[in-house]
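Geometric and topological summary
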Amino acid sequence: NRLFVGTWNVGGKSPHDGLNLKDWLRSPSPSDIYVLGFQEIVPLNAGNVLGPEDSGPATKWLSLIRQALNGTKTNLSGAAAGDDGSKNPTKPRYRLMVSKQMVGIFLCVWVRADLNEHISNLKVSCVCRGIMGYLGNKGSISISMTIYQTTFCFVCTHLASGEKEGDEVRRNSDVCEILKKTRFNNHSYGDSLSPETILDHDNIVWLGDLNYRLATTHVETCELLERNDWEALLEKDQLKLEQKAGRIFSGWEEGSIHFAPTYKYLIDSDYYVAQACKSKDKLRIPAWCDRILWKGEALKQQWYVRGESKFSDHRPVSSSFVVNVRAKESNVKKKLVKSSSCRKPSSRFCPTKSSPSTILPGVAKIQAEELLVIPATAGPRLSFCRPVH
């Protein structure tokens, strides 16, 4: 079975009815689990950060994802019939397992309809890292689950912004605090305990707008961009520099990057802001802000690519994995394959050898207060996070 992971900063824009997600979600073979993370699904203004949570855009994104995965034509004013099997006689291929919003961060997990019995211990945890460390305009949403007897954690983050010298330290601090403060209620299941922290899991995928920039000048960046010299640009990438220095994400992996920087574009354009803007105040050096990293022996990445939608000032990014899980039945390892066949190498796909797979069924039950599928009506709620001690 195949695992697809995608991240997209949509720039505070609500999607329109005709927005096509298939470029972002496409892969050589359909996946069995889709983990999709968004940043800035609402504008990060005072009203959205301090006021009631606006779940309207999230509902629209869910409708578009459902349409892309199931081929179900839906109206963006609400969810399509059939997710619960009550109105649509045609059983959807993919079902929404869980979704959670924290201000502009949004994370959802979709699974094949037959993946019911083998996904368990589903839990959600949020950490705010925005203004004063208590507001949800920056931070993380983490989802914990068990597939057969193997635990997984998906962490969707939006880290501190800024390209001034030293801003990478704030991003490093965000990562450390998210690892420290994320907690999942630990209950005993059979002979083992479910993971309590992110690093307790067998396998972890960290996705999102990590906001790490390029430690270089505007002039040098533009020269290398014109030559498509990604290798030289990546030598200046703050995330790789910080990781190499052992200051952050020690022991984590990231696939080879063979695509252009994902930020910052002019809307509806293939041009970076840096190529068109003459004002130093508005200048943004292009960078690979949008990333997917992982940790765990069961995860084997098949490709790491970006989409080309011009909807936002960021380009979406996606990755595909083969996953080996410990099966309960007869101790046999079953494989979640993320991409059984890859096309010939190109700037979009970075294929490696794939393995045959066995389909895993399963959907977990989640505690009532953590079943975070967006409700039809949501009451007023401040987007503050309680500090975790």
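Residues numbered from 1 in each chain as written. Predicted model: local features only at pLDDT ≥ 70, side-chain atom pairs only at ≥ 80, totals over all residues. Heavy atoms only, no water.

**Some points on the overall build of the protein chain**
To keep things clear, this is the line we draw: Under the DSSP-based scheme used, a helix requires at least four consecutive residues in state H or I and a strand at least two consecutive residues in state E, with every element numbered from the N terminus. Throughout, exposure labels follow a simple rule: accessible area from a 1.4 Å probe, protein chains only, divided by the maximum for the residue type, with under 20% read as buried, over 50% as exposed, and the rest as partly exposed. Throughout, the Shrake-Rupley method with a 1.4 Å probe supplies accessible areas, and for residues the shown protein chains are the sole cover considered.
Across its full length, the protein chain holds eight helices and 14 strands. The proportion of buried residues among the 389 residues of the protein chain is 56%. When the accessible surface of the protein chain is split by element, carbon and sulfur atoms take 50% of a total near 17,100 Å².

**Points about the sheet that holds strand β7 (residues 150-158)**
As a reminder, the rule being used: Note: two strands are recorded as paired if DSSP finds a minimum of 2 bridges between them. Where helices are involved, their axes are fitted lines through C-alpha atoms of the stretch in contact, as for all axes, and angles between N-to-C directions lie from 0 to 180°. By the convention used here, residues are in contact when the closest approach between their heavy atoms is within 4.5 Å.
Pairing within the open sheet is mixed, and its five strands lie in the order β5-β6-β7-β10-β11. The open sheet is flanked by β5 (119-128) and β11 (290-295), the only strands paired with a single partner. Each neighbouring strand pair of the sheet contributes to a mean axis angle of 15 degrees, computed without reference to strand direction. Two elements, β7 and strand β10 (residues 203-209), share seven bridges in a ladder whose sense is parallel. Residue pairing for β10: cysteine 156 is matched across the bridge by leucine 207. Those strands touched by helix α4 (residues 167-181) are β5, β6 (139-147), β7 and β10, and its axis lies near 135 degrees from that of β10.

**A few points about the pairing of strand β12 (residues 299-306)**
Among the eight residues of β12, seven are classified as buried, and the element is accordingly described as predominantly covered. Inspection of the sheet shows β12 paired to strand β13 (residues 317-326) by seven bridges, in the antiparallel sense. Looking across to β13, one finds that glutamine 301 is bridged to phenylalanine 321.

**Remarks on the packing of aromatic side chains**
Counted only if it meets this: Pairing of aromatic rings covers Phe, Tyr and Trp, the last through its six-membered ring, and needs centres within 6.5 Å; plane angles under 30 degrees mean stacked, over 60 mean edge-to-face, and all others mean tilted.
Taken as a whole and assessed by the stated rule, the structure comprises 17 aromatic pairs. Taken together, a centroid distance of 5.1 Å and an interplanar angle of 40 degrees make the contact between phenylalanine 4 and tyrosine 34 tilted. In this pair, phenylalanine 4 is assigned in strand β1 (residues 2-9) and tyrosine 34 in strand β2 (residues 33-39), connecting sequence segments 30 residues apart. Each member of the pair, phenylalanine 4 as well as tyrosine 34, carries the same accessibility label: buried. Look at tryptophan 8 and tryptophan 61: their rings are 5.8 Å apart centre to centre, the planes differ by 65 degrees, and that puts the pair in the edge-to-face class.

**Side note on the pattern of salt bridges**
This is how it is decided: Each reported salt bridge corresponds to a side-chain nitrogen of Lys or Arg within 4 Å of a carboxyl oxygen of Asp or Glu.
In total, this model carries 17 salt bridges according to the counting rule given. The residue glutamate 308 makes a salt bridge to arginine 306 at a minimum N-O spacing of 2.8 Å. Note on glutamate 308: relative accessible area 38%, which makes it partly exposed. Overall, the relative accessible area of 9% leaves arginine 306 in the buried class. One salt bridge connects glutamate 308 with arginine 315, and the closest N-O pair in it is separated by 3.7 Å. Classification of arginine 315 as buried rests on a relative accessible area of 0%. One connected set of salt bridges, linked through shared partners, spans Asp270, Arg306, Glu308, Lys310 and Arg315.

**Observations regarding a nonpolar patch on the surface**
Put simply, the rule is: What goes into a patch is any residue over 30% in relative accessible area without a salt bridge, connected to like charges within 9 Å or, for nonpolar side chains (Val, Leu, Ile, Met, Phe, Trp, Tyr), within 5 Å.
On the surface, a cluster of nonpolar side chains totalling about 350 Å² of accessible area is made up of Ile131, Met132 and Tyr134. Position of tyrosine 134 relative to the elements: it lies in the loop between β5 and β6. Exposure remark for tyrosine 134: the relative accessible area of 39% places this residue in the partly exposed category.

**Section: the environment of valine 10**
Tracing the backbone shows valine 10 in the loop between β1 and α1 (22-25). Taking the relative accessible area as the measure of exposure, valine 10 reaches 0% and is therefore buried. Spatially, the C-alpha atoms of valine 10 and proline 43 are 9.6 Å apart, while their sequence positions differ by 33 residues. Setting aside residues no more than four positions away along its own chain, valine 10 makes contact with Phe38, Gln39, Glu40, Ile41, Trp61, Phe311 and Ser312.

**Considering helix α5 (residues 218-226)**
Heads up, the rule is: Note that the arc is defined by the directions from the helix axis to the C-beta atoms.
Within α5, the full set of buried residues consists of Thr221, Cys222, Leu224 and Leu225. Down the axis of α5, the sector holding all buried residues measures 165 degrees, keeping them to one side. Residues of α5 that are exposed and point over 90 degrees away from its buried face: Val219 and Glu226. Those residues of α5 that are buried are in contact with α6 (230-234) and α8 (273-276). Positive phi appears at asparagine 228, one or two residues downstream of α5, with a value of about 55 degrees.

**Section: unusual backbone geometry**
The omega torsion of the bond from tyrosine 263 to lysine 264 falls at 0 degrees, within 30 degrees of zero and hence cis. The residue lysine 264 is located in the loop between α7 (238-244) and α8 in this model. For tyrosine 148, which is not glycine, the phi dihedral falls at a positive 55 degrees.

**Some points on the nonpolar core**
For clarity, the cut-off: To form a nonpolar core, buried Ala, Val, Leu, Ile, Met, Phe, Trp, Tyr and Cys residues must be joined to one another through side-chain atoms within 4.5 Å.
Counting residues in hydrophobic clusters, the biggest one holds 51 residues, and the most contacted among them are Leu3, Ile33, Val109 and Met145. Setting aside anything within four residues of it in sequence, one finds isoleucine 33 in contact with Arg2, Leu3, Phe4, Val109, Trp110, Val111, Leu115, Ile119 and Ile147. Counting 27 residues, the second-largest nonpolar core is a separate cluster that includes Val10, Phe38, Ile41 and Leu96.

**A look at the confidence of the model for the protein chain**
Low pLDDT means the predicted coordinates in that region are not meant to be read closely. Applicable threshold: As a per-residue quantity, pLDDT reports the predictor's confidence and falls between 0 and 100.
Taken over all residues, the pLDDT of the protein chain has a mean of 82, while the share at 70 or more is 76%. Taken as a whole, residues 330-389 scores under 50 in pLDDT and shows 186 contacts with residues more than four places along the chain or in a different chain.

**A word on α4**
Test applied: Helix span, as expected, comes to 1.5 Å for every residue beyond the first.
Counted at 1.5 Å a residue, the expected span for α4 with its 15 residues is 21 Å, and the 21 Å between its end C-alpha atoms agrees. Those residues of α4 not exposed but buried are Asp167, Glu168, Arg171, Asn172, Asp174, Val175, Glu177, Ile178 and Lys181.

**Here's the deal with the environment of isoleucine 285**
The topology assignment puts isoleucine 285 in the loop between α8 and β11. On a C-alpha basis, the gap between isoleucine 285 and threonine 217 in space is 7.7 Å, while along the polypeptide they are 68 residues apart. Residues in contact with isoleucine 285, not counting those within four places in the same chain, are Glu163, Thr216, Thr217, His218, Thr221 and Tyr263.

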